[in-house]
Amino acid sequence: MPETKTVDIRERKRRDNLTTFVKAESVAFGFDLCRITGPNSIPEAKERLGQFIDAGRHGSMEWMAETRERRGDPRVLWSDVRSIVVFGLNYGPDEDPRDVLGKKDKAAISVYARNRDYHDVIKGRLKEIATRFAARAGADVKVFVDTAPVMEKPLAAAAGLGWQGKHTNLLSREHGSWLFLGSMFTTAKLNIDRPETDHCGSCRACLDACPTAAFPAPYQMDARRCISYLSIEHKGAIDPEFRPLIGNRIYGCDDCLAACPWNKFASEASEMKLKAREDLKEPSIAFLLTLDDPTFRTFFSGSPVKRIGRDRFIRNVLIAAGNSGERSLIEQCRLLAFDASPVVRGMAVWALSRLMEAGEFGAFAAQRENESNEDVLNEWRLAGVS
Ligand code: B12
């Protein structure tokens, strides 16, 4: 047999072995999906990312614009990458997360944030897999979850984990819309999988479910209107247009995901799935309003919610309070109108303007202390007090 052919066969065997190895590792570490794509597999993503950023749809997420070159093309991020292994972890909830939306005294925390931070969980597992893989393959590896300039959804679609739905997230026939994604880039050559085709058809359930009309067109999102962006990424006051629409969603939003008919067919997730903390399934607004900085940090220790800090969090809870119609929350909102944080004071004014009778609010306004913060003064003006 000619020498080149022997080398080819050896190389092919090695590739098969490494591919089998990484997929077996993914199962051992509790991932529900693991498939592989190449670094050239998302040629259209760069341009679409550019359109999204040029239209300003990333809002204040400046890091998206700053990293656009690397984000849009895996080869710019790491020129030596030859294969990309994409992992999916099912985090489907045991109950319908929309049930809490109808409970006025309760707050809704999106499913992904009801337990430990998934970044830590997935990154920990990926690092273990990567270390073992690197030792076996003699190759370099890098692992990414969410925060790196990597377009995880198009890469997952190219690898065939599922397809990007009209809500722009990756969904699959086996797991519906509840999947976390993570990836391992490597210099090793692995066997590439086929992409999955789009199975959204004429369905527009996710588009119609969005409370804030954040989808300018199917498969496109304007993050500036998304409740997930407004409640997590956006700092400062939230535009009054969105406050009533936010309802009691205080951290993220699941409405587009929960509306997806493919969830019905979702198979059982791995036993290593994250289970929701009981006290984060439907916490009471009254309790959350009592959190100061230390109690907020303790209560949300290890949770992604901690990332936004107490003041932004209480801003969100005050919006839920203002939407609740619960007069029993007035006293707590009144105390928060004197909080050290301007964003909290401002949103307390808004909540009180909705919860109090007109005369009551007028009397409260007459007693207010000198306010010098322009944003808070603006809230008073919006509430009709100059
Ligand atoms: C920025 C970001 C956000 C932003 C913007 C969301 C967005 N859709 O871009 C905000 C804060 C709003 C957000 C919200 C959420 N996020 Co987020 N987010 C990201 C992040 C960091 C980058 C996403 C990105 O690159 N956006 C830029 C746009 C341009 O890219 P794109 O969405 O892929 O856009 C594509 C389509 O628009 C499509 N397209 C455009 N035009 C057309 C036309 C046609 C015809 C077609 C077919 C396609 C098409 O092409 C584009 C390029 O692929 C990723 C992690 C990562 N590093 O990838 C997590 C990520 C997307 N988020 C995730 C999650 C879980 C969420 C939330 C569910 C959290 C929550 N419950 O609140 C919501 C879901 C909201 C939603 N429907 O998107 C998961 C999604 C997992 C999955 N199965 O897809 C990710 C992958 C994190 C992770 N590692 O698991 N997120």
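Residues numbered from 1 in each chain as written. Predicted model: local features only at pLDDT ≥ 70, side-chain atom pairs only at ≥ 80, totals over all residues. Heavy atoms only, no water.

A. Highlighting the overall build of the protein chain. Secondary structure summary: the protein chain contains 18 helices and eight strands in total. If you line up the protein chain on its principal axes, its C-alpha atoms span 95 × 40 × 40 Å. By the burial criterion, 53% of the 386 residues in the protein chain qualify as buried. Long-range contacts, defined here as pairs at least 24 residues apart, represent 74% of the contacts in the protein chain between residues at least 6 apart. When the accessible surface of the protein chain is totalled, it reaches about 18000 Å², and 49% of it is carbon and sulfur. In the protein chain, which carries 56 positive and 54 negative side-chain charges, the distance between the mean positions of the two groups comes to 4 Å. (Helix = DSSP H or I, 4+ residues; strand = E, 2+ residues; numbered from the N terminus. Buried < 20%, exposed > 50% of the residue type's maximum accessible area, 1.4 Å probe, protein only. Contact = heavy atoms within 4.5 Å. Areas by Shrake-Rupley, 256 points an atom, 1.4 Å probe, with all protein chains shown as cover. Lys, Arg positive; Asp, Glu negative; His and termini not counted. Charge placed at Lys NZ, Arg CZ, Asp CG, Glu CD.)

B. Representation of unusual backbone geometry within the structure. Not every positive phi belongs to a glycine, and Asp146 is a case in point at roughly 70°. Relative to the elements of secondary structure, Asp146 occurs in the loop between strand E4 (141-144) and helix H7 (152-159). Judged by its relative accessible area of 34%, Asp146 is partly exposed. Positive phi, close to 80°, is recorded for Thr168, a residue that is not glycine. Inspection of the secondary structure puts Thr168 in the loop between strand E5 (163-164) and strand E6 (170-171).

C. Up close: helix H16 (residues 342-355). The end-to-end C-alpha distance of H16 is 20 Å, a good match for the 20 Å that 14 residues give at a rise of 1.5 Å each. The buried count for H16 comes to ten of 14 residues, which makes it a mostly enclosed element. The set of residues buried in H16 consists of Val344, Arg345, Gly346, Met347, Ala348, Val349, Trp350, Ala351, Leu352 and Leu355. Buried residues belonging to H16 abut helix H10 (243-246), helix H14 (309-324), helix H15 (330-336), helix H17 (358-366) and helix H18 (374-382). (Expected span 1.5 Å × (residues − 1).)

D. Molecular detail of the nonpolar core. One finds Phe87, Phe133, Leu288, Leu289, Phe300, Phe313 and Leu318 to be the most contacted residues of the largest nonpolar core, which totals 117 residues. Both domains that meet at this core, namely domain 1 (3-95 + 116-186) and domain 2 (284-386), each give it at least three residues. With near-sequence residues (within four places) excluded, Leu289 lies in contact with Ile314, Val317, Leu318, Ala321, Leu329, Gln332, Cys333 and Leu336. (Core = buried A, V, L, I, M, F, W, Y, C linked by side-chain atoms within 4.5 Å. Domains from an automatic or database assignment.)

E. Structural context of the pattern of salt bridges. Per the counting criterion, the structure on display carries 27 salt bridges. One salt bridge in this structure joins Arg15 and Glu11, with 3.9 Å as the shortest N-O distance. With a gap of four residues between them, Arg15 and Glu11 both fall in helix H1 (residues 3-28), about one helical turn apart. For Glu11, a relative accessible area of 32% puts it in the partly exposed group. Between Glu196 and Arg173 there is a salt bridge, and its shortest N-O distance comes to 3.9 Å. Of this pair, Glu196 sits in the loop between strand E7 (179-186) and helix H8 (205-209) while Arg173 sits in the loop between E6 and E7, and the two are 23 residues apart along the sequence. Under the relative-accessibility criterion, Glu196 is labelled partly exposed at 25%. Overlapping salt bridges, with partners in common, bring together Glu95, Arg114, Glu278 and Lys281 in one network. (Salt bridge = Lys/Arg side-chain N within 4 Å of Asp/Glu carboxyl O.)

F. Summary view of the site of the ligand. Every one of the 39 residues lining the ligand counts as a neighbour, but Glu152, Lys153, Leu170, Tyr219 and Ser228 are closest to it. Contact distances for the ligand include 2.8 Å between a nitrogen atom and a backbone N or O atom of Val150. Between the ligand and the protein, one listed contact pairs an oxygen atom with a backbone N or O atom of Leu170 at 2.7 Å. Listed by contribution, the elements that provide at least two residues to the shell around the ligand are helix H2 (45-54), helix H3 (62-66), H7, E7, helix H9 (227-233) and helix H11 (255-258). Partitioning the shell around the ligand into residue classes produces 24 nonpolar, eight polar and seven charged. (Near = heavy atom within 4 Å. Polar contact = N/O pair within 3.5 Å; in protein donor to acceptor, adjacent residues only side chain to side chain. Nonpolar A, V, L, I, M, F, W, Y, C, P; charged D, E, K, R; others polar.)

G. Region of interest: the packing of aromatic side chains. Throughout the structure, instances matching the rule amount to 17 aromatic pairs. A ring pair is formed by Tyr112 and Tyr118, whose centres lie 5.6 Å apart and whose planes are at 85°; its orientation type is edge-to-face. Look at Tyr118 and you get buried, because its relative accessible area is 11%. Ring centres 4.0 Å apart and planes at 5° place the aromatic pair Tyr118 and Phe180 in the stacked group. Of the two residues, Tyr118 is situated in helix H6 (residues 118-137) and Phe180 in strand E7; the sequence distance between them amounts to 62 residues. Aromatic rings pair up to connect Tyr91, Tyr112, Tyr118, Trp178, Phe180 and Tyr251 into one cluster. Over the ring of Trp78 we find Lys142; its NZ or CZ atom is 4.5 Å from the centre of that ring. One Lys or Arg, Arg277, reaches over the ring of Phe299 and ends 5.0 Å from the middle of that ring. (Phe/Tyr/Trp six-rings, centres within 6.5 Å; stacked < 30°, edge-to-face > 60°. Lys NZ or Arg CZ within 6 Å of the ring centre and 35° of its normal.)

H. Quick look at the environment of Ile84. Structurally, Ile84 can be placed in strand E2 (residues 83-90). Sequence spacing of Ile84 and Arg345 is 261 residues, and the spatial spacing of their C-alpha atoms is 47 Å. If we ignore the near neighbours within four places in the chain, the residues touching Ile84 are Arg35, Ile36, Thr37, Gly38, Pro39, Pro74, Leu155, Ser183, Met184 and Phe185.

I. Structural view of the environment of Ser172. With respect to the helices, strands and loops of the structure, Ser172 is situated in the loop between E6 and E7. For Ser172, a relative accessible area of 1% puts it in the buried group. The sequence separation of Ser172 and Gly325 amounts to 153 residues, and the corresponding C-alpha distance is 39 Å. Excluding residues within four positions of it along the chain, Ser172 makes contact with Leu33, Leu161, Gly162, Trp163, Leu179 and Trp262.

J. A look at the packing of H14 against H16. Between H14 and H16, the least distance of the axes is 8 Å, while the angle of their chain directions is 5°. Taken together, the axes of H14 and H16 lie roughly parallel to each other. Judged by residue contacts, Arg310, Asp311, Ile314, Arg315, Leu318, Ile319, Ala321, Gly322, Asn323 and Ser324 of H14 engage Val343, Val344, Met347, Ala348, Trp350, Ala351, Arg354 and Leu355 from H16. Looking at the contact of H14 with H16, its residues break down into eleven nonpolar, three polar and four charged. (Axes fitted to C-alpha atoms, helices over the stretch in contact; angles between N-to-C directions. Parallel < 35°, antiparallel > 145°, perpendicular 65-115°, else oblique.)

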